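Chains, contacts and geometry: an overview
What follows is the residue order along each chain.
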Amino acid sequence: MNKQVIVDYIGSIQFTPEQINESIAKNEGKLVVSGIMQRGSSGNEKNYNQNGRSYPLPILKREADKYKNVFVKEHRALGELDHPESSVVNLANVSHNIVDLWWDGNDLMGKIEILPTPSGNIAKELLRSGIRLGISSRGMGSVKNLGEGKVEVQDDFEIVCWDLVSNPSTQGAFMDNLNEGVQTQKVDKYAKINSLIGDIISIM
């Protein structure tokens, strides 16, 4: 099977201005948020997102451990504001860095630092304005068709990063909980950065 870009919308972040100020005060001037990054399936307990994709827990744990031991440990677990149609993280569009990952049952939890980059500042101002931003994973791999609109990620899956996006597509959590969802290489155009900038302008 050929590898493809696999996009998985996990959840959304929504903070009040008071919560944002509290986070900044607690973290030496840095905005740090946390929640569910990804959800795995184990045994007969199949967790499917709204697009019908499931991640076997052993595969997800293997890849999360690799990502933590390399990218998080080396302080380069970077993600972008919005999903590009690429398997490479574009440094010019980086908005955040993941500073920790851990497990809570089948849920992969994470702590994210919003960076003082142009894209990070856009994300911060959107959150200040009460706008929800989604967390979405980006990876490479193949999927197996299970029938009835369901697919399962296969053993060749590799995590690329987690991005901030405009609209999550899965039920579940928020960051201070984060939901889950999946798409493939053809990512919807509505989630491009220009629409985020437009949201800021309309609020100001």
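Provided above is the structure to which this section pertains.
To start, this report covers the structure provided alongside it.

Quick notes on the rules
- Residue numbering note: each chain is counted from 1, following its sequence as written.
- In keeping with the predicted nature of the model, local features appear solely for residues at pLDDT of at least 70, side-chain atom pairs appear and are counted solely at 80 or more, and the whole-chain, interface and lining totals rest on all residues.
- Heavy atoms from the whole structure form the basis of all side-chain values; hydrogens and water molecules are not counted.
- Each Phe, Tyr or Trp ring, with Trp reduced to its six-membered ring, pairs with another whose centre is within 6.5 Å; inter-plane angles below 30 degrees give stacked pairs, above 60 give edge-to-face pairs, and intermediate values give tilted ones.
- Comment: elements are numbered from the N terminus, with helices defined as DSSP H or I runs of at least four residues and strands as E runs of at least two.
- For every residue, the accessible area obtained with a 1.4 Å probe (protein chains only) is divided by the maximum for its type, and the residue is called buried under 20%, exposed over 50%, and partly exposed between those limits.
- Charge over a ring is defined by NZ of Lys or CZ of Arg lying within 6 Å of the ring centre and within 35 degrees of the ring normal.

1. Focus: the packing of aromatic side chains
Taken as a whole and judged by the stated rule, the model has three aromatic pairs. Judged by centre distance (5.3 Å) and plane angle (75 degrees), the rings of Tyr55 and Phe157 are edge-to-face. Taken together, the residues span a long stretch of sequence, with Tyr55 in the loop between strand S3 (53-54) and helix H2 (57-72) and Phe157 in the loop between strand S9 (150-153) and strand S10 (158-165) at a distance of 102 residues. Phe157 carries the same exposure label as Tyr55, and that label is buried. Ring centres of Tyr67 and Trp162 lie 5.2 Å apart, and the angle between their planes is 85 degrees; this geometry places the pair in the edge-to-face category. Of the two residues, Tyr67 is situated in helix H2 and Trp162 in strand S10; the sequence distance between them amounts to 95 residues. Note on accessibility: Tyr67 and Trp162 belong to one class, buried. An aromatic cluster is present here, built from Tyr67, Phe71 and Trp162 joined pairwise through their rings. One residue, Lys61, lies across the ring of Trp103, its end atom 5.5 Å from the ring centre.

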